[in-house]
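Below, each chain spelled out in residue letters.
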Amino acid sequence: MDRILIIEDDAETAAAVAAVVRALDCAAEHRDTLDAGVAEAAGDYKVIVLDRTLPGGDGVDAIARIRAGGSRALILVLSALGRAAQRVEGLEKGADDYLPKPFEEDELRARLRALLRRGTMQVLDNDLLAFGDLEIRMKARTVHVKRAHVPVSPKEFELITYFARNAGQIVTRMQLLENVWNLHFDPGTNVVDVHVGRLRRKLEDAGSPAIQTARGEGYVFAPLPAAGGAG
Amino acid sequence: MIETPTEVPADERPLHARATWRLAGAMALAVALISVLAMGLQYRLVAARLTEAQRALLTADLDALAALYEQRRIIALRQAIAFRAEAGAEEMLLLMDRDGNVLAGTLGGWPEGLIPSGDGFTVDPAQEIDRDGTRWLVVARDLPGGFPLLVGRSLAPVDATLAALRQGMAGLLAAILAAGAFVGWLAARWVMGRIGRLNALADVVAAGNLDARLPGPRSRDEFGLLESHVHTMLDRIANLNRATHRLSDTIAHEMRTPLNRMLRKLDRIEGQEEVTGEVRAEMRQAIRVFDSLLDISRAEADQGGGGLVPVDLSVVAAEVWDLYEALAEDKGLVTAAKIDPAVEVLGDRHLIAQMLANLLDNAIKYCAPGDQLRLSLAGGERAVLRVADTGPGLPAELREEAFERFVRADRDRAKGIKGHGLGLALVRAIALRHGARLTLPKVEKGLTVEVAFPRPLG
């Protein structure tokens, strides 16, 4: 069972995060001050959910200390300091992901899943990613469905590889904007939907209903009919 | 026209330096003027005294001649003058008879144009005549019986002394001017050095380093006081800046934490998806407005500050365009982009992306199917980013204030187009943060927004 450390001073938030963690079949450990959290981080954790405005200091400033303590956990900053500039600052200081408060539980779940998976799945260097009759060739940057070539734009190719990396899991619009477009502000419009919609239609026209809308916050890439459900 | 950032051109500084030089020059000149005045007075005094001395000599000569005349009249005069002339007298002497023949004297004939005047052997009235380039003070008389008498003393020693004095004064004046200029130069150098330190500090601060201070102790003079005042001001500004940043973080924390708790409670409400969904959307919108305000004030606070790095504007523009072009096409707009490659500016990639996203989002929001949307980026002396649409444009009364916070056109409210009037305010704040010029060129149809970034040197 994977262990996730929550460093968070707001009890209610900590409880909500812990509930999400347990729903992912992971064990949650909670610390409510920065120093206690950094000390505990040396333990065997897959992911650390780190607040910023904590008794004892700014969590982001402690990332270097956590790493120096020997932790190999991926760090998700979960903070009320949620403006674009602050998110970028957090990522630049070594956070692996950054989710502003208030957060949707679906969003947190999707991001924790992605982080948990990132720890285990590092085989994306393979040239060929095959999902049933959908094939992605990384070097040639081509997509084939049932042996037929599906023409995609460079951005759509990046989009489908990001989906493929998180196959079977909900991917939120915010995640797509951050990871595919490297933009960290909320555009407030459905820009991402337009792009996903185009890619989705191309795949569907070729006969692959690989991209599905997930209830609530995002999309699921589930190319194999039987492969549904997440890890 | 939207307000433009007024940078202080660096070439203004030599002007101030020239002011210091002017002051030093004026002081040297004033000293020289006073000296000239004093020397002039002295010169006049000396000239008067020397003339007076020659006049006294002339009086003595006349007195001696008068005594002789008392005794034996013309004969005695003639003898005495002949004797003096023989002995090589330095004074001018001449005695003639009524027919114009020279009886005795140092001259061969009566000087031309000299008319005898006065009576007896008094010195008054005396005349000045010029002979062979030398001035003489002479007394010309007709003695009883028609004997013209001429007695004179040379003014050459007076003129020689005065010439020497003039020469000395000219030399002294040159020395005073040189000394004044030198002292002025020293003073100017010193003042400029002290002011230069402050100017250098101001440049560093303007470049974004609010923590820069002058090294070493403050001197106990006006400059030291000025430096102390500047330091105090910078301390206050730095404190205010820190407080502002802390305050916005505190506000964000204090607002988002309770909002987060509300969201957790919303999660527990079941069976009212529609209502909770609306509440979530409202909350998200409130946070967006809030973030925009904080982003604007942050960008304004950082205006002119450092922290900017080289950014490939072409890449950023292409990325954001790629994201929004699809949205525009879906809405039925005719799109076109012309982006010059490798246009580099000093900037913050994320802020520039946000600014461009706001501009494109705004254009798409107001355009109708069939309208055109064009993006262009041109590198040159300035990097000019231009978003042009053929939509409804700005209402005339809004052109001046479209980039102010919370300014929205009434027709948008009427049409139900959503917004808070913060998008363009953020665009302006981000443009100013980059020292870029934001303008709305006059176009026939629609709205064109132009952002001209300064190019990095070299």
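All values reported here derive from a predicted model rather than from experimental measurement.

Let's talk about the overall build of chain B
Here's step 1: Along the backbone of chain B there are eight helices and 12 strands.
Here's step 2: Going through the 458 residues of chain B one by one, you find that 25% of them count as buried.
Here's step 3: Sequence-distant contacts in chain B: of pairs separated by 6 or more residues, those separated by 24 or more amount to 65%.

Remarks on the sheet that holds strand S10 (residues 382-389) of chain B
Residues and elements named next belong to chain B.
Here's step 1: Pairing is mixed in the open sheet, where five strands are placed in the order S7-S9-S10-S12-S11. Strands at the two margins of the open sheet, each flanked by one partner only, are strand S7 (334-339) and strand S11 (437-439). Geometrically, the sheet is characterised by an average inter-axis angle of 5° between neighbouring strands, direction not taken into account.
Here's step 2: The sheet contact formed by S10 and strand S12 (residues 448-454) spans seven bridges and is antiparallel.

Let's talk about the pairing of strand S14 (residues 218-221) of chain A
Residues and elements named next belong to chain A.
Here's step 1: Here three bridges tie strand S12 (residues 170-172) to S14, and the two strands are oriented antiparallel to one another. Paired with Ile 170 across the bridge in S14 is Val 220.
Here's step 2: Inspection of the sheet shows strand S13 (residues 211-213) paired to S14 by three bridges, in the antiparallel sense. Looking across to S14, one finds that Ile 211 is bridged to Phe 221.

Observations concerning the packing of helix H6 (residues 154-165) of chain A against helix H8 (residues 191-205) of chain A
Residue and element names in this part refer to chain A.
Here's step 1: Contact geometry of H6 with H8 gives a least axis separation of 10 Å together with a crossing angle of 85°. Comparing their axes, H8 and H6 come out roughly perpendicular. Each of Lys 155, Glu 156, Leu 159 and Ile 160 in H6 lies in contact with H8, whose residues at this interface are His 195, Val 196, Arg 198 and Leu 199.
Here's step 2: Across the contact of H6 with H8, the residue classes break down as four nonpolar, one polar and three charged.

Considering H8 of chain A
Residue pairs three or four apart in sequence face the same way in an α-helix, which turns once every 3.6 residues.
All names here are of chain A.
Here's step 1: Helix length check: H8, at 15 residues, gives a terminal C-alpha distance of 22 Å against a target of 21 Å (1.5 Å per residue), a fit within 8%.
Here's step 2: Taken together, the buried positions of H8 are Val 191, Val 192, His 195, Val 196, Leu 199, Arg 200 and Leu 203. One face of H8 carries all of its buried residues, which in axial projection span an arc of 165°. Among the exposed residues of H8, those oriented more than 90 degrees off its buried face are Arg 201 and Asp 205.
Here's step 3: Immediately beyond the C-terminal end of H8, within one or two residues, lies Gly 207, with a positive phi of roughly 100°.

Things to note about the interface of chain A and chain B
Here's step 1: The interface is formed by 29 residues belonging to chain A together with 29 residues belonging to chain B.
Here's step 2: Within the residue set of the side of chain A that touches chain B, elements represented by two or more residues are helix H1 (11-23), helix H4 (84-92) and H8 of chain A.
Here's step 3: Broken down by element, the side of chain A that touches chain B gets its largest block of residues, four residues, from H8 of chain A.
Here's step 4: A class-by-class count of the residues in the side of chain A that touches chain B yields 14 nonpolar, seven polar and eight charged.

Structural notes on the sheet that holds strand S8 (residues 128-131) of chain A
All names here are of chain A.
Here's step 1: On the basis of which strands lie adjacent, the open sheet formed by four strands has the order S8-S9-S10-S11 and antiparallel pairing. The outermost strands of the open sheet, each flanked by one partner alone, are S8 and strand S11 (148-150). For this sheet the average axis-to-axis angle between neighbouring strands, irrespective of direction, equals 25°.
Here's step 2: When strand S9 (residues 134-137) meets strand S10 (residues 142-145), the two strands line up antiparallel, connected through four bridges. Pairing of Ile 136 across the sheet is with Val 143, part of S10.
Here's step 3: Sitting on the sheet, H6 touches S8, S9 and S10, and the angle it makes with S9 is about 115°.

Re the environment of Ala 170 of chain B
Residues and elements named next belong to chain B.
Here's step 1: Position of Ala 170 relative to the elements: it lies in helix H2 (residues 156-206).
Here's step 2: The exposure class of Ala 170 is exposed, given the 11 C-beta atoms found within 10 Å.
Here's step 3: As for Ala 170 and Val 36, which are separated by 134 residues in sequence, their C-alpha atoms are 9.1 Å apart.

What about the environment of Ile 195 of chain B?
Residues and elements named next belong to chain B.
Here's step 1: Looking at the element boundaries, Ile 195 is found in helix H2.
Here's step 2: On the basis of neighbour counts, which here come to 17 C-beta atoms within 10 Å, the residue Ile 195 falls in the partly exposed class.
Here's step 3: Each C-alpha atom, one on Ile 195 and one on Leu 226, is 9.6 Å from the other, the two residues being 31 residues apart in sequence.

A closer look at the nonpolar core
Here's step 1: Ranked by internal contacts, the top residues of the largest apolar core, which has 117 residues, are Val 47, Ile 48, Val 49 and Leu 76 of chain A together with Leu 313, Val 320 and Tyr 324 of chain B.
Here's step 2: Of all the elements, helix H6 (residues 349-366) of chain B adds the most residues to this core, at 11 residues.
Here's step 3: Excluding residues that lie within four positions of it along the chain, Val 320 of chain B makes contacts with Ala 353, Leu 356, Ala 357 and Leu 360 of chain B.
Here's step 4: Within the second largest apolar cluster, 21 residues are counted, among which are Met 92, Leu 93, Leu 94 and Val 139 of chain B.

Quick word on the confidence of the model for chain B
Residue and element names in this part refer to chain B.
Here's step 1: Of all residues in chain B, 93% have pLDDT values of 70 or greater, and the mean over the chain is 84.
Here's step 2: In the model, residues 1-13 has pLDDT below 50 throughout and makes 11 contacts with residues more than four positions away in sequence or in other chains.
Here's step 3: Confidence estimates for the predicted assembly give a pTM of 0.66 and an ipTM of 0.82.

Topic: the environment of Ala 85 of chain A
Here's step 1: As for its placement among the helices and strands, Ala 85 of chain A is situated in helix H4.
Here's step 2: Setting aside residues up to four positions removed in sequence, Ala 85 of chain A forms contacts with Arg 298 and His 350 of chain B.

Side note on the confidence of the model for chain A
Here's step 1: Put simply, chain A has an average pLDDT of 86, and 93% of its residues get 70 or more.
Here's step 2: Counting contacts from residues 226-231 of chain A, a segment whose pLDDT is below 50, to residues more than four positions away or on other chains yields nine contacts.

A closer look at the packing of helix H4 (residues 273-301) of chain B against helix H8 (residues 423-433) of chain B
Residues and elements named next belong to chain B.
Here's step 1: Viewed as axis vectors pointing N to C, H4 and H8 meet at an angle of 25°, and their least axial separation amounts to 8 Å. What the angle tells us is that H4 and H8 run roughly parallel. Here H4 runs over H8; the crossing is left-handed. Contacts between H4 and H8 involve Ser 292, Asp 295, Ile 296, Ala 299 and Glu 300 from the former and Ala 425, Leu 426, Ala 429, Ile 430, Leu 432 and Arg 433 from the latter.
Here's step 2: Taken together, the residues that form the contact of H4 with H8 break down as seven nonpolar, one polar and three charged.

Brief notes about the pairing of strand S3 (residues 127-131) of chain B
All names here are of chain B.
Here's step 1: With five bridges joining them, S3 and strand S4 (residues 134-143) adopt antiparallel strand pairing. Each residue of the ladder has a partner; that of Ile 129, found in S4, is Trp 136.
Here's step 2: Taken together, S3 and the strand that follows it, S4, pair antiparallel across an intervening segment of two residues, in which Asp 132 is found at a positive phi of about 50°.

Observations regarding unusual backbone geometry
Here's step 1: Omega for the peptide link from Lys 101 of chain A to Pro 102 of chain A comes to -5°, which places this bond in the cis form.
Here's step 2: Residue placement: Pro 102 of chain A occurs in the loop between strand S7 (97-100) and helix H5 (105-120).
Here's step 3: Cis geometry is adopted by the peptide bond preceding Pro 125 of chain B, which originates at Asp 124 of chain B and carries an omega value of -10°.
Here's step 4: Position of Pro 125 of chain B relative to the elements: it lies in the loop between strand S2 (102-105) and S3.
Here's step 5: Positioned with a positive phi, Asp 25 of chain A is a non-glycine residue whose angle comes to about 65°.
Here's step 6: Considering the arrangement of structural elements, one finds Asp 25 of chain A in the loop between H1 and strand S2 (27-31).
Here's step 7: Residue Asp 25 of chain A is classed as exposed on the basis of its 10 C-beta neighbours within 10 Å.

Reading guide: rules and limits
Residues numbered from 1 in each chain as written. Chains lettered and ligands numbered in written order. Predicted model: local features only at pLDDT ≥ 70, side-chain atom pairs only at ≥ 80, totals over all residues. Helix = DSSP H or I, 4+ residues; strand = E, 2+ residues; numbered from the N terminus. Buried ≥ 20, exposed ≤ 12 C-beta atoms within 10 Å, placed from the backbone. Contact = placed C-beta atoms within 7 Å. Pairing = 2+ DSSP bridges. Axes fitted to C-alpha atoms, helices over the stretch in contact; angles between N-to-C directions. Parallel < 35°, antiparallel > 145°, perpendicular 65-115°, else oblique. Nonpolar A, V, L, I, M, F, W, Y, C, P; charged D, E, K, R; others polar. Expected span 1.5 Å × (residues − 1). Arc of directions from axis to C-beta. Core = buried A, V, L, I, M, F, W, Y, C linked by C-beta atoms within 7 Å. pLDDT = per-residue confidence, 0-100. Left-handed = near helix turned anticlockwise from the far one by under 90°.

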